[in-house]
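Report on the structure
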Amino acid sequence: MMKKKSIPASKPFLILFLCQIISALDVPLDSKLLEELSQPPTITHQSPKDYIVDPRENIVIQCEAKGKPPPSFSWTRNGTHFDIDKDAQVTMKPNSGTLVVNIMNGGKAEAYEGVYQCTARNERGAAISNNIVIRPSRSPLWTKEKLEPHQVREGDSLVLHCRPPVGLPPPIIFWMDNAFQRLPQSERVSQGLNGDLYFSNVQPEDTREDYICYARFNHTQTIQQKQPISVKVFSTKPVTERQPVLLTPTGSTSTKVELRGNVLLLECIAAGLPTPVIRWIKEGGELPANRTFFENFKKTLKIIDVSEADSGNYKCIARNTLGSVHHVISVTVKAAPYWITAPRNLVLSPGEDGTLICRANGNPKPSISWLANGVPIAIAPEDPSRKVDGDTIIFSHVQERSSAVYQCNASNEYGYLLANAFVNVLAEPPRILTPANKLYQVIADSPALLDCAYFGSPKPEIEWFKGVKGSILRGNEYVFHDNGTLEIPVAQKDSTGTYTCVARNELGKIQNEVRLEIKDPTMIIKQPEYKVVQRYGQVSFECIIKHDSTLLPTVIWLKDNDELPDDERFLVGKDNLTIMNVTDKDDGTYTCIVNTTLDSVSASAVLTVVAAPPTPAIIYARPNPPFDLELTGQLERSIELSWIPGDENNSPITHFVIEYEDGLHEPGVWHYQTEVPGTQTTVQLKLSPYVNYSFRVVAVNKIGRSQPSEPSEQYLTKSASPDENPANVQGIGSEPDNLVITWESLKGFQSNGPGLQYKVSWRQKDVDDEWTSVIVANVSKYIVSGTPTFVPYEIKVQALNDLGYAPEPSEVIGHSGEDLPMVAPGNVQVHVINSTLAKVHWDPVPLKTVRGHLQGYKVYYWKVQSLSRRSRRHVEKNILTFRGNKTFGMLPGLEPYSSYKLNVRVVNGKGEGPASPDKLFKTPEGVPSSPSYLKITNPTLDSLTLEWGSPTHPNGVLTSYILKFQPINNTHELGPLVEIRIPANESSLILKNLNYSTRYKFYFNAQTSVGSGSQITEEAVTIMDEVQPLYPRIRNVTTAAAETYANISWEYEGPDHANFYVEYGVAGSKEDWKKEIVNGSRSFFVLKGLTPGTAYKVRVGAEGLSGFRSSEDVFETGPAMASRQVDIATQGWFIGLMCAVALLILILLIVCFIRRNKGGKYPVKEKEDAHADPEIQPMKEDDGTFGEYSDAEDHKPLKKGSRTPSDRTVKKEDSDDSLVDYGEGVNGQFNEDGSFIGQYSGKKEKEPAEGNESSEAPSPVNAMNSFV
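What you see is a predicted model, and the numbers here were worked out from it, not measured in a lab. (Residues numbered from 1 in each chain as written. Predicted model: local features only at pLDDT ≥ 70, side-chain atom pairs only at ≥ 80, totals over all residues. Heavy atoms only, no water.)

A few points about the overall build of the chain
In terms of regular secondary structure, the chain is built from seven helices and 92 strands. The long-range share in the chain, meaning contacts at least 24 apart out of those at least 6 apart in sequence, stands at 65%. Looking at the chain as shown, the accessible area adds up to about 69,800 Å², and 51% of this sits on carbon and sulfur atoms. (Helix = DSSP H or I, 4+ residues; strand = E, 2+ residues; numbered from the N terminus. Contact = heavy atoms within 4.5 Å. Areas by Shrake-Rupley, 256 points an atom, 1.4 Å probe, with all protein chains shown as cover.)

So this is what it looks like as C-alpha cells:
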C-alpha cells in the first residue's frame, strides 16, 4: 500500500492564518452601521469567577451581552437549568441577563451557594459566561479556650499563637493591647505570616497581661478578639547568649508552590541572643531586580509577579555573633492557563475562508476544548465548512448559516480560561460612511486627507476620481490608504475641486463626493523688531499679516510666553502693540501669534529698557586690576589668598576670578581656579600635591574684565600618591588577535608626585582566570597580543608614582579585535511595492558569526537590464546601509520595468562579511518619459508632417502615442482640441485637411499600459500659398553632450541679423525653462554646468520674431566619471611652453642664416653623399622642418636627446596619439569651449620606429607628448 505524504500541521495553519488576515473584514465602529448589521451575541460584562458575597445584602450576579437582534438570556445552576420564574426571590433585570437575589426580604444567602453560568442567545448563535462560583462570606466567632500564662526566662525565645477562626475570605491578623494600641514590633519581636507573634529573645519589658490577637473580616466589616494572653519574664544572672535557631520554618529544607503572576512570600524567623539578622540569597542566581522586596525586618522575602524563571532554591541565613543557621526553601512556580493567542471574532463574506486560533500556556500544559454555541463541538450540529484541528478551527467556503459563537476552554489543575469568539457571515452591499459633500480645507503645500470610510461584504474596492466625470486618480502624487482615505501629500491650488469616491463589490456600487479647498498660508510680512527704549518712553511693535481672504485671523500678543499684563499702558492695535510709559518690568520678549482655523504663525522680538543718559554722562569702564596679593595659612592641601581691589570705575565689581600657574609642569600657562563675589577679598583655595603654585586675580564688572593682577609669590606643595586614576579607559582591538588598551593620561598636576606610571591589568570576562598586569611608563596605550577574536575583557588602569598607588580603579569591559563576519544573511526575499520601490527582507545572522560589534547590514543592488530596451549598460552598484539588527529595508529610486539583482552583507567594525546569493527581481511598468523630440516639417496649404523620437525612458512597453492639437488665432486664443491615437511603432505622421495660413499648437505624449507620460509641445504654421514661406524657421537642432556640458547647433532660415537664444530644462520637469542669450548671429552655443547622467530638453528661438521657437530636442549628459584628464591644450603652462619652443626655433633660424652667410654656400648633394647617417638627412617639407642648407659644423648629428630628453623620448608605442587621446573620447567631439577638437589635432601618422632618437623638430604635438 502506498503511503500518503502528510503535510506538517504548522504549514497549513500559517497559510490559513495569513488568509484570515487578508480575508477577514473589519467592521467600523459606526453606531448607525452597527445597528443595522446582524451580529452574534458577545458577553460584555460578567461577575468574577470566584464571587464572595455579603450574606446580609442582595446578591447581584451580572451578565450583560450585546448582539443584533438583541440576545435573550438563560442561566444554569450547578450544571442544570435554573428556572428563575419558579423562585420568587430571584428576578432578572430588563434587557439584561443580570440576576438579583432578594436576601433583604427573607432570603438566605446560603441557599444560593453554587456554580452559575449565563447564556446569551440570538438567531446567529449563543455566547456563555464563565462558571461563577457564589459563596457567602463567613466571620465565625473564636472558639473558647483556656489560656495559661507564659512564664519565660530572660533571653529565651517565645511564640504566642493566634489560631484565628477559618473565615471566608481569610481574616487580617494584628496584635494590640487592652487600650487598642498596636504592640510595637522590631527585629526581636514580630508577627509571622500565620498571625503568630514571635520573640527571638524575651526581655523584662515584655512582661504584660494583655497580648490580644484580633482578626478583621473585611467582607462583613467585623473584628473578632481572642482572649488576652499573659506573659511574665523572670531574670537569671547572667543571661546566657545563644546562637541562632529557626522558629519557622522548621528543619533545614521545605518546599513552596506558587502560581505565575502571584506574589511569592517566603518567611524565616529565628531565635537567638543577640537577636539574629536575616539575609536572603537565591542559589545559582540572583534575586530579580525591581520585583524583590524585604518586609518584616527582612524576615519576609516578597517577590511580585512571579514567573517560571523564579523557580529555584531560596536560602535564608540567620546570623549573630555566635554563629549562623540556614534554611533552603525549594520554590516551584506553576501556572494557571494564560493566553498566547485568544480567539478573535471573525467577520467573513459568503465563500471566504478563515480560522479561529486558541493558544494558551500554563504549567502543566493546559488542554484545549471547543464548544459551539455553548455545546461541546463533538455533539454540536455539523457544519461542512468547519474543521477542528487541535487549537485551531478552519473554515472553508462559509455560508450565512455558518454564523455561530465558538467557545475555547483552556484548563489545567490550577484553573481555566474561557473565551467566546463569533463567526459572523455577512453579505452586504457597499456603504460609504463619510458624510456626503463634506468640505475639507487645507493650507497650500500641506497634505490633504480626504476620507472615504466604507463597509461591505465582500470587502469593496475603492476608486477615486476628480470631478464627477474625471478619470481615475493614479500616480505618485497620490497615496491611497487601506481605509479608503485619499492623501494628496502636497496639495496645490490646482488641487481644489470635487473628488468622488466609488466603492463597489459584487453586490453593488455606491459613490460619495467630497470637496477640497486650498487656502493661502498665513504669513507675517512685517515682523516685530528688536527695540531699545529709555525708561518712561514709548515703544511700538508691528505685526502686519497676509492671509487667505476666506479665513478670519486672530492676533494674540504674549510677553515672555504668557499673557500681556492687565495694564492700560499696553495698547493692542490691528497691526501693532504699543507700550506707553515704559518701566523696567516691561523688559522681555514679545510674541505676535496669528491663528486661523487652519494654521498658525508667530514672530518675536526683544524689548530692552535702559535708563535715560545722565547729564553729564558718567564714564563707565572696566575695573583696575587688584594688587597686593598675599598668601597666608599655608597647609598641604589648602592656602588662603587675599588682595586689595582696584578702582571700580563707576561700575560695581560683580566678582573676582582667581587663576593659577603651575611653574613645575606648565610654566607660563594660567588656569581657572575659582571665583568669588565682588564683596569678598579673601578666599580659601584647595591645592593639589606636587604643584608649584602662583596665583593672580582678575576683577569683573558689567563693562568687562580688568587686567590680571601681578602674580603672587610661589608655593610648592608636597608630593603624594595619586588621588585619581586615568579616565576614559577603553579596550578595542585593532587586529583580530590583539587588545589595544587606551586611556587619558593624568595631567601634570594630577600626578601628585614624580615617577608617574600606570599599572595595566586585564583578564578575559566570564572565564575563571587571574588578572594579568604590567606596569608601563607615562604613556596612554598598551597592546595585548595573542588574544582570541572578539571576546570581552575586564580592564583596569591604575596610576602610581614614587610615593604609591592611586585608589583601586573601576573595571571596564572591552573587546579584543574584530574579524570579518563569517556568514552571509539567509532567506533574502524581495517584495516589489511599485515601479520605483521595493522592500527587501533577510534573516539575521547568528551573533556568534558576526565576530565583532554588529553595525548593520548593507544591501548591494544594481540594474541588470531594462525590460523595454533589452540592452545592457555599465553596471553601477548602489549600496544602502541599515543600522543595527534590522532585517528589512526599502530600496527607493528604482527604474520601472527593469531587472535588478541584489545581495545582502552583514557589517561589523572590521568590515563586510560575505555576500548572500544574488537575488533577481523585476519592477513593473510605469508611465514613460516624454518623447525624445517632436519635429514639424514640410508645411503645405493644408498639411504638416510630424516626426518624433521614442521616449528616452519608456518605463515599459509602449502601447500608443497621443497627439492633441488645436489652432491659435492672432490673439493667441486656442481653438477646439483634436485628439489622435497613433500606434506605438509609428515615428511620423502627415496631418491633412488643415486650414491654410493657420498656426497650430501640438501636444504629444507616449502611453504604456500604466498610463500616459509627460507631454512635449510644439507650434507650426500652414503656408498661405505654394510659394516658399517668408516666416523665419529654425530647424535641425542637434546636440553633442559630454559629462557637464553640451554643444547645441541649428539651421536658420529667415531675415538676417536675428538674435538667437537657447532655452533648456530637465526633461519631464515642470520647472520653468532656463534661457541663455547667444552672442551675435552664431548658429551654435555651449551649455555649461549641466548635471552628469541627466536628460535635458532644449529649444532655440529668435528674439523679436513673434516668439518663434524651434521644436524641442532631448539629450542626456554622460555619467559622472571618477576622475577626468584635463584638456592640455587649454592649460597655461602648455601655452607658455609652446611659446618658448617657437622662440627657440626663431633663434635657431637666425643663427643658421648668419652662419650660412659667413661660411659660404655648400652643395647639398655632396653633403648628402658624404654623410649617409640618417640622423643628418634633410628634413622633408611635409614634416615642417628645415633641411635646404646648413653650416659645415652643423653636419654633425644631433646628440641623443638634444631635442627630446632621453628619459622622455617619444617611442612608437607611446606616442601614437593626438590631443584627442587626452580629451573625452573619439575624434570629432566638442570641447568645453565649443571648439571642435578635430580642427586642432588629428591622429599622428604612424611611421616605422628607427631607434630611440628623432630628428624631427619639436612640433606642438610631439612637444606635448614629450612633457606628458
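Re the side chain of Q407
Relative to the elements of secondary structure, Q407 occurs in strand β36 (residues 404-412). A polar contact is formed between the side chain of Q407 and the backbone nitrogen of G374, at a distance of 2.8 Å. Filtering out sequence-adjacent residues up to four positions away, Q407 remains in contact with A126, A127, I128, S369, W370, L371, A372, N373, G374, L418, A419 and N420. (Polar contact = N/O pair within 3.5 Å; in protein donor to acceptor, adjacent residues only side chain to side chain.)

Considerations on a nonpolar patch on the surface
The grouping of L1143, L1144, I1145, L1146, I1147, L1149, I1150, V1151, F1153 and I1154 at the surface amounts to a nonpolar patch, some 910 Å² of accessible area in total. With respect to the helices and strands, the residue L1144 is situated in helix α4 (residues 1132-1159). (Patch = residues over 30% accessible without salt bridge, like charges linked within 9 Å, V, L, I, M, F, W, Y side chains within 5 Å. Salt bridge = Lys/Arg side-chain N within 4 Å of Asp/Glu carboxyl O.)

A word on the packing of aromatic side chains
Aromatic rings in a pair are described by how distant their centres are and how their planes are angled relative to each other. Evaluation of the coordinates by the stated rule reveals 24 aromatic pairs. Their ring planes at 25 degrees and their centres at 5.4 Å tell us that F541 and Y590 sit as a pair that is stacked. Of this pair, F541 sits in strand β49 (residues 539-542) while Y590 sits in strand β55 (residues 588-595), and the two are 49 residues apart along the sequence. You can call Y590 buried: its relative accessible area is 0%. With 6.3 Å between their ring centres and 40 degrees between their planes, Y1000 and F1002 make a pair best called tilted. On the basis of relative accessibility, which here comes to 4%, the residue Y1000 falls in the buried class. Residue classification places F1002 among the buried residues on the basis of a relative accessible area of 0%. Cation over ring: K839 sits above F888, and NZ or CZ is 4.7 Å from the ring centre. Sitting above the plane of the Y933 ring, K935 keeps its charged end 5.2 Å from the centroid. (Phe/Tyr/Trp six-rings, centres within 6.5 Å; stacked < 30°, edge-to-face > 60°. Buried < 20%, exposed > 50% of the residue type's maximum accessible area, 1.4 Å probe, protein only. Lys NZ or Arg CZ within 6 Å of the ring centre and 35° of its normal.)

Here we look at the sheet that holds strand β46 (residues 508-519)
Read across the open sheet, the four strands follow the order β39-β46-β45-β42; overall the sheet is mixed. Two strands bound the open sheet, and with one partner strand each, they are β39 (438-443) and β42 (461-466). Neighbouring strand axes in the sheet, compared pairwise and without regard to direction, differ in orientation by 25 degrees on average. One ladder, built from nine bridges, connects strand β45 (residues 497-505) with β46; its direction is antiparallel. Counted as the bridge partner of G497 is L516 from β46. (Pairing = 2+ DSSP bridges. Axes fitted to C-alpha atoms, helices over the stretch in contact; angles between N-to-C directions.)

Observations concerning the sheet that holds strand β52 (residues 562-563)
Within the open sheet, the five strands sit side by side as β48-β56-β55-β51-β52. Their pairing is mixed. The sheet terminates laterally at β48 (531-534) and β52, the two strands that pair on one side only. Taken together, the six bridges between strand β51 (residues 554-559) and β55 define a ladder with antiparallel strand orientation. Across the sheet, the residue bridging to L558 is T591, located in β55.

Digging into the pairing of strand β26 (residues 300-303)
Where strand β22 (residues 264-267) meets β26, four bridges bridge the pair, whose relative direction is antiparallel. Residue pairing in the sheet places E267 in a bridge with T300 of β26. Bridge analysis of strand β25 (residues 292-295) against β26 gives four bridges, and the strand direction is antiparallel. In the strand pairing of β26, F293 is matched with K302. Linkage of β25 to β26, two consecutive antiparallel strands, is achieved through a turn of four residues, within which N296 is found at a positive phi near 55 degrees.

Some remarks on the side chain of N801
Mapped onto the elements of the fold, N801 is located in strand β69 (residues 792-801). Relative accessible area serves as the criterion here: at 7%, N801 is assigned to the buried category. A polar side-chain atom of N801 sits 2.9 Å from the main-chain amide nitrogen of L803. Beyond its immediate stretch of four places on either side in the chain, N801 contacts A720, S721, P722, S751, N752, G753, P754, G755 and L756.

Concerning the pairing of strand β80 (residues 944-951)
On a regular strand, each side chain points to the face opposite its neighbour's, so the side chains alternate between the two faces of the sheet. Among the eight residues in β80, six count as buried, and that is most of the element. The antiparallel pairing of strand β79 (residues 931-937) with β80 creates a hairpin that spans six residues between the two strands, and N938 there sits at a positive phi of about 50 degrees. As paired elements, β80 and strand β83 (residues 988-991) share four bridges and run antiparallel to each other. Bridged to L944 within β83 is L991.

Examining the confidence of the model for the chain
Do not read the predicted coordinates in detail wherever pLDDT is low. Looking at the chain as a whole, the pLDDT averages 84, with 85% of positions reaching at least 70. Within the model, the stretch residues 1026-1030 combines pLDDT values under 50 with four contacts to residues more than four positions away or in other chains. (pLDDT = per-residue confidence, 0-100.)

Observations regarding the state of the cysteines
A complete count under the given rule lists six disulfides for this structure. Between the sulfur atoms of C162 and its disulfide partner C213 the distance amounts to 1.9 Å. Here the disulfide of C162 and C213 is left-handed, its torsion about the S-S bond being about -65 degrees. With C162 in the loop between β13 (158-160) and β14 (172-176) and C213 in strand β17 (residues 208-217), the pair connects residues that are 51 residues apart, well separated along the chain. Residue classification places C162 among the buried residues on the basis of a relative accessible area of 0%. For C268, the disulfide goes to C316, at an S-S distance of 1.8 Å. Measuring the twist about the S-S bond at about -65 degrees, one finds the C268-C316 disulfide to be left-handed. Of the two residues, C268 sits in the loop between β22 and β23 (269-273) while C316 sits in strand β27 (residues 312-320), which places them 48 residues apart along the sequence. Looking at C316, the relative accessible area reads 1%, which means it is buried. (Disulfide = S-S within 2.5 Å.)

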